[in-house]
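The chain contents come next:
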Amino acid sequence: MWLKPEEILLKNALKLWVAEKGNEYFVLQRRRGYGEGGGGLTGLLVGTLDTMMDSTSKVAPFRILHQTPDSQIYWSIACGGTKEEINQHWEWLEKNIMRTLSVFDSSDDITSFVQGKIRGLIAEEGKVSGVQEDDPEKFREALLRFEKWFDLPQKEKLVTYYSCSYWRGRVPCQGWLYLSTNFLSFYSYLLGSEVKLVVSWNEIWRLEKTSNVILTESIHVLANGEDHYFSMFLHLSETFLIMEQLADYSIKRLFDKETFQEEPSLSDPLQITKRGLETNARNEQFRAFFRLPKEENLLEVYESFLWVPFSHFNTLGKICLSESYLCFASQDGSQCHVIIPMREVIGVEKPDRSSRALTVCVRGKRALRFSEVRDFERLSNAIRRRCGMTASPQHSDNPEEVAMMVGQKESSKTVSNEALMTVFHPQDAENLDPKMLKEKMKEQSWDIHFSEYGRGTSMFCTKKTRDLIVRGVPEALRGELWMLFSGAVNDMAVNPGYYSEIVDKSLGTSTLATDEIERDLHRSLPEHPAFQSDTGISALRRVLTAYAYRNPKIGYCQAMNILTSVLLLYAKEEEAFWLLVAVCERMLPDYFNRRIIGALVDQAVFEELIRMHLTQLTEHMTDLTFFSSVSLSWFLTLFISVLPIESAVNVVDCFFYDGIKAILQLGLAVLDYNMEGLISSHDDAEAVTILSKFFDNVTNKDSPLPQTVQQNSVGNNDKSSSLSKVDISDLIKEAYEKYGDMKSEEVERMRKRNKLYVIQTLEDTTKQNVLRVVSQEVKFSAPQLDNLYAFPVLLHHDPSLAYLEQYQLGFHQFRVLFSLLEPWSLCSGNDALFLWAFRLLDENQDGLVNFKEFCCQNVLYSYCMTSFDLYECTLHYVVSDLPEDGVIRKSPERGKGKVDLQAYLKQWQDEILKKEESIKDLPRINQAQFIQFSKTLYNLFHGDPEEESLYRAVARVTSLLLRMEEVGRRLQEPTSPTQAAPEGALLNREACSTPEESSDTPCATITLEAGSIPQEVEWSFAFEQILASLLNEPVLVRFFERPVDIQARLDHAKGAQLKAKTNK
């Protein structure tokens, strides 16, 4: 590898380097301890030193230096890991540089020329390799070490590397941690002891930062049941962030292909860089904090002061600028934050140079003043430029109208423009009921808040906002504030008319999702009058069907109907749709799918929080899985399914403001409130009863809903009525007081940490189910099945399918794995064999082979002549059914009215196990199939030591079979004149007897062609005839009954498959 020329004092390195060769301008040196005489103490010390140093010029065992006769200064220009590599560089210098140097008169000119030439070579290499790191020289050196030490696929992309210690027991090994797109790798060499570790990101169960008495702070990796600890990082947080991103990248690639493919920076492994991963992490954090659409990316960050009018002082924070939003968050993140859509900005006043300030004017006669902005002119220009790009679809001087109507177009006639609560429970302004008076007081509090903090999308969110949320949102404002805090108002604003359009497209469609929706429509809040009428049911149907149409990956999942019902009570139909989008795609990711991974992850987080905050409960109940089963409905429905409706909406208020953190806090408060009862319970059933009674007695004393609705929603019974009532506002207030110090950022980190464990647990469960089912039908042992299942070539993965169908092989992947595992896969002309085997194993003809179907090919490992003969004959039954172009396509109608080949294969397997011989029902093999069968036999013997004997044996078998068929036909037709076999119908014996004298292709010895046989002459063979003829040749029997070491094939296949693997 060429190196950027660096000055070296040779006298300081004489003890470590030995000159191998040299000339007037260059010297090639070898590191002491390498090559000849490289053992002993010198080798150990130098090897240890090389591992500790951060320079390949010191690590690499060979290097080339540039020198001039009249100078004592040397320049390092190349290094190499092997003698062959460094010799190539030396030969290139002699061939391309040495002759040119003689024309220079000055030593300085010679050195300048050599340095320029080397830098040019490095630049050319950089263009080819695509290295774009901050320090290309050091990265290239690290890349050399990475490729030298680890035998990984050629296309494996090194992302970054760090110096650290890896703990083996209580002994730290200082070395280098390499993070690539698919692997975590570590290398250390200390005093002759080499430590090498390679872990696939797919194998990691836990990834977390830990600390203990010995290790102040370290990174813990759990993979394949083994714990690995890495410490002594200079930048531990940065290292952990990159590792977290790469692990998440691996999960997305495997389990969420659609999302993965939508991110070009992730879908192409060669484009993944350290800088790109850090940027992706910042973007995710930015979008999560401000509840922005997934299209938004953080472009610029400015530190500044914001004038807060309600507090009359400047608060320090950061301005975050994206394509369509200007956001500000105070330094601690919780005191104050504001989101300003660019569509709401009407102008930017001329910046004040003295205070480096600028004022942003927004609709509603409001202005925000930012001061002490370092690059205020650049920020001002960026805002002006984006304001022109994102003009608001509608304009209104009334901030309330702006907040609720922006982005809406004329709705479809079928879409309801009123919240169901206003239709079925309109408020009476003259009602002086105490609850209504309290409701009016809440509205007045919010009006005061709006006057001070603003209203609509650019409202300031502060601690006072959260306090008002905790006390309960007024019924009249609930829909507006849900839209605002969830970010759904922005989604609706930038997609005017979208909902009406997909409603028109989706209505009338018939899918599995729409069938499930129809089944659940009348189960959604059935006691509420709104859903006892066609108005509510129709609105619910439209919203759910439209979302299933928008997001077919999710479609419809149970619990979506309950959540959507509550949204429709307080929000207009289109708003309810966008609220559902915000919940499913942003606030509760991966909740509403077949495996509810998101809910399981949050339950794991919940268990972790229980251990942290409710130690008394964990001491009594060591197994916390009970709480996972009980709390699943809490998370999926946001407590709507367990709480009375008038209480549940208060929980939804907090959820839209604080996200999943609010649900976790409330869950802890519920368990804490029932601590004594849960500790004294004798079994799970009693604990469930305690929690159910508690939820039945949660009330909302301030709710203005009619009493009839409250009674129907609560569903109290006589036993629970005797228990004390708990007000929902008090319960939520207690949750915030006890557990409100929990930060959303910490919750997100816990989510990421537990996501790995949850997914790996699900995968392990799937694996055990698959192996249990498959092991009953194949002859592989349990360890062999386990190794086969772990092959990384199984890339067609769809977790939404049944577990037997989740991992599948396309034909290309099947061909690779078949060639690695099958005993006769190295035969010549095996492409046709691969194709026939694939068609035979693909039972449902969908163009994919699942794990069970692939394992059924274990007939080739039976070490039995009969097994192979039957397998080959069965393969050739499908020859006449292949498409001319050989391309496999999905064809559900294929095979109707034809022989069920899979049934015959299964029949044969059963017969082998039962030692029975009842296979006379197999169809006869016709002439075209027999010709191809003979060719396949010849191809199998290519390269075998007994190749010639095997060729002759097959020639005798085919000749014998043809004669037997001719005799049989004569016996069946005694009245017909004796006829000789048609010309060309018999095998050319002379050609078969001397295959080495014929064509290079073994199958050329067969002169039998289907077209040479007259159409009126049809001949075929029974399976028993073929088997008997083959068993009559000892050399063939020995070949096919030769033992095969299955485990050795699997081990060899693993190594070969890893080396040949290419990243998709």
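Just above sits the structure.
So, how was this worked out
Every chain is numbered on its own, with residues counted from 1 as its sequence reads. Owing to the predicted nature of the model, reporting of local features is limited to residues with pLDDT of at least 70; listing and counting of side-chain atom pairs is limited to 80 or more, with chain, interface and lining totals taken over all residues. Water and hydrogen atoms play no part in the side-chain values, which are based on all heavy atoms of the structure. Starting at the N terminus, helices and strands are each numbered in turn, a helix being any DSSP run of H or I of at least four residues and a strand any DSSP run of E of at least two. Contact definition: two residues touch when any of their heavy atoms are within 4.5 Å. Note on areas: Shrake-Rupley with a 1.4 Å probe; residue coverage comes only from the protein chains shown. Paired strands, in this sense, are two strands between which DSSP finds at least two bridges. Each axis is a line fitted through C-alpha atoms, and for a helix only the stretch in contact is used; angles between axes span 0 to 180 degrees, taken between their N-to-C directions. In these notes the angle categories are as follows: under 35 degrees is roughly parallel, over 145 is roughly antiparallel, 65 to 115 is roughly perpendicular, and the rest is oblique. The crossing is said to be left-handed when, going from far helix to near helix, the turn is anticlockwise and less than a right angle, and right-handed when the turn is clockwise. All amino acids are sorted into three groups, where Ala, Val, Leu, Ile, Met, Phe, Trp, Tyr, Cys and Pro are nonpolar, Asp, Glu, Lys and Arg are charged, and the leftover types, Gly among them, are polar. Type-normalised accessible area, obtained with a 1.4 Å probe on protein chains alone, sets the label of each residue: buried when under 20%, exposed when over 50%, and partly exposed for intermediate values. We define a salt bridge as a side-chain nitrogen of Lys or Arg found within 4 Å of a carboxyl oxygen belonging to Asp or Glu. A patch is a set of surface residues, each over 30% in relative accessible area and not in a salt bridge, joined within 9 Å for like charges and within 5 Å for the nonpolar side chains Val, Leu, Ile, Met, Phe, Trp and Tyr. The positive count covers Lys and Arg only, the negative count covers Asp and Glu only, and His and the chain ends enter neither. A single reference atom marks each charge: NZ on Lys, CZ on Arg, CG on Asp, CD on Glu. Any helix carries an expected span of 1.5 Å times its number of residues minus one. For Phe, Tyr and Trp, where Trp contributes only its six-membered ring, two rings pair if their centres lie within 6.5 Å, and the inter-plane angle classes them as stacked under 30 degrees, edge-to-face over 60, or tilted in between. The rule is short: NZ of Lys or CZ of Arg within 6 Å of the ring centre and within 35 degrees of the ring normal puts a charge over the ring.

### Structural notes on the overall build of the protein chain
Part 1 of the reasoning: Along the protein chain, the regular secondary structure elements total 45 helices and 27 strands.
Part 2 of the reasoning: Taking the contacts inside the protein chain whose residues are at least 6 apart along the sequence as the reference set, 67% of them involve residues at least 24 apart.
Part 3 of the reasoning: Of the roughly 49000 Å² of accessible surface on the protein chain, 51% is carried by carbon and sulfur atoms.

### Here we look at the sheet that holds strand S16 (residues 336–341)
Part 1 of the reasoning: Overall, antiparallel pairing links the eight strands, which are arranged S17-S18-S19-S13-S14-S15-S16-S20 in an open sheet. Two strands in the sheet have a free side with no partner beyond their single neighbour: strand S17 (345–348) and strand S20 (461–462).

### Considering the packing of helix H20 (residues 534–550) against helix H22 (residues 573–587)
Part 1 of the reasoning: For the pair H20 and H22, the least separation of the axes is 10 Å and the interaxial angle reads 45°. Judged on the interaxial angle alone, H22 and H20 are oblique. Between H20 and H22 the crossing geometry is right-handed. Judged by residue contacts, Ala539, Arg542, Val543, Leu544, Ala546, Tyr547 and Arg550 of H20 engage Glu573, Phe577, Trp578, Leu580, Val581, Cys584 and Glu585 from H22.
Part 2 of the reasoning: The residue inventory of the contact of H20 with H22, partitioned by class, reads ten nonpolar, no polar and four charged.

### Quick word on the sheet that holds strand S4 (residues 62–66)
Part 1 of the reasoning: Strands sit in the order S1-S5-S4-S3-S2 across an open sheet of five strands; the sheet is antiparallel. What marks the edges here is a single partner per strand, and that holds for strand S1 (2–8) and strand S2 (17–22). Ignoring strand direction, the axes of neighbouring strands in this sheet form an average angle of 30°.
Part 2 of the reasoning: With five bridges joining them, strand S3 (residues 26–31) and S4 adopt antiparallel strand pairing. Bridge assignment links phenylalanine 26 to a residue of S4, and that residue is histidine 66.

### Description of the environment of asparagine 850
Part 1 of the reasoning: Turning to its location among the elements, asparagine 850 is positioned in strand S25 (residues 849–850).
Part 2 of the reasoning: Exposure remark for asparagine 850: the relative accessible area of 4% places this residue in the buried category.
Part 3 of the reasoning: Sequence spacing of asparagine 850 and phenylalanine 814 is 36 residues, and the spatial spacing of their C-alpha atoms is 10.0 Å.

### A look at the pattern of salt bridges
Part 1 of the reasoning: Going through the model one piece at a time under the given rule, you end up with 34 salt bridges.
Part 2 of the reasoning: Of the charged contacts in the structure, one is a salt bridge between aspartate 653 and arginine 478, with a shortest N-O distance of 2.8 Å. Placement of the pair is aspartate 653 in helix H26 (residues 645–658) and arginine 478 in helix H16 (residues 478–486), with a sequence separation of 175 residues. No difference in accessibility class separates aspartate 653 from arginine 478, as the two residues are buried.
Part 3 of the reasoning: One network of salt bridges, in which partners are shared, links Glu20, Arg30 and Lys83.

### Thoughts on the pairing of strand S15 (residues 325–330)
Part 1 of the reasoning: Counting buried positions along S15 gives six out of six residues, so the element sits mostly inside the fold.
Part 2 of the reasoning: Relative to S15, strand S14 (residues 313–321) runs antiparallel, the two sharing five bridges. What sits directly across from isoleucine 319, in S15, is phenylalanine 328.
Part 3 of the reasoning: Here S14 folds back onto S15 in antiparallel fashion, the turn holding three residues.
Part 4 of the reasoning: For S15 and S16, the ladder comprises five bridges, and the chain directions are antiparallel. Of the residues in S16, the one forming a bridge with tyrosine 325 is proline 341.

### Here's the deal with the side chain of serine 322
Part 1 of the reasoning: Here serine 322 lies in the loop between S14 and S15.
Part 2 of the reasoning: Accessibility expressed as a relative area gives 0% for serine 322, which makes it buried.
Part 3 of the reasoning: Other than its neighbours up to four places away in sequence, serine 322 contacts Phe286, Glu296, Asn297, Leu299 and Arg386.

### Remarks on a negative patch on the surface
Part 1 of the reasoning: The grouping of Asp70, Asp105, Asp108 and Asp109 at the surface amounts to a negative patch.
Part 2 of the reasoning: Positionally, aspartate 70 belongs in the loop between S4 and strand S5 (74–80).

### Examining the packing of H26 against helix H32 (residues 728–739)
Part 1 of the reasoning: It is at 9 Å that the axes of H26 and H32 come closest, and there the two elements cross at 30°. For the element pair H26 / H32, the angle class is roughly parallel. In this structure, the crossing between H26 and H32 has a hand that is right-handed. Listed contacts from H32 to Ser647, Asn650, Val651, Cys654 and Asp658 of H26 are Ile728, Ser729, Ile732 and Tyr736.

### Looking at helix H6 (residues 136–149)
Part 1 of the reasoning: Taking 1.5 Å of rise per residue, the 14 residues of H6 would be expected to cover 20 Å, and the 20 Å separating its terminal C-alpha atoms lies within 8% of that figure.
Part 2 of the reasoning: Inspection of H6 places Glu137, Phe139, Arg140, Glu141, Ala142, Leu144, Arg145, Phe146 and Trp149 among the buried residues, and these make up the whole buried set.

### Let's talk about unusual backbone geometry
Part 1 of the reasoning: Positive phi is not limited to glycine here, since asparagine 224 has a value of about 55°.
Part 2 of the reasoning: With respect to the element layout, asparagine 224 can be found in the loop between strand S11 (218–223) and strand S12 (226–231).
Part 3 of the reasoning: One non-glycine residue, phenylalanine 639, lies in positive phi territory at about 70°.
Part 4 of the reasoning: Tracing the backbone shows phenylalanine 639 in the loop between helix H25 (625–637) and H26.

### Describing the packing of aromatic side chains
Part 1 of the reasoning: Taken as a whole, this structure holds 35 aromatic pairs when the rule is applied.
Part 2 of the reasoning: Chaining the aromatic ring pairs together yields one cluster made of Phe139, Phe146, Trp149, Phe150, Tyr161, Trp176, Tyr178 and Tyr187.
Part 3 of the reasoning: Positioned above the aromatic ring of tyrosine 757 is the side chain of arginine 206, whose terminal nitrogen or guanidinium carbon lies 4.7 Å from the ring centre.
Part 4 of the reasoning: In this arrangement the basic side chain of arginine 478 is found over the ring face of tyrosine 570, its NZ or CZ atom lying 5.1 Å from the centre.

### Remarks on helix H23 (residues 597–613)
Part 1 of the reasoning: With 17 residues, H23 extends 24 Å from end C-alpha to end C-alpha; this agrees with the ideal 24 Å at 1.5 Å per step.
Part 2 of the reasoning: Of all 17 residues that make up H23, twelve are buried, and the element is covered over most of its length.
Part 3 of the reasoning: For H23, the full list of buried residues reads Ile597, Gly598, Ala599, Val601, Asp602, Gln603, Ala604, Val605, Phe606, Glu607, Leu609 and Ile610.
Part 4 of the reasoning: In this structure, the buried residues of H23 make contact with helix H24 (615–620), H25, helix H27 (660–673) and helix H33 (744–775).

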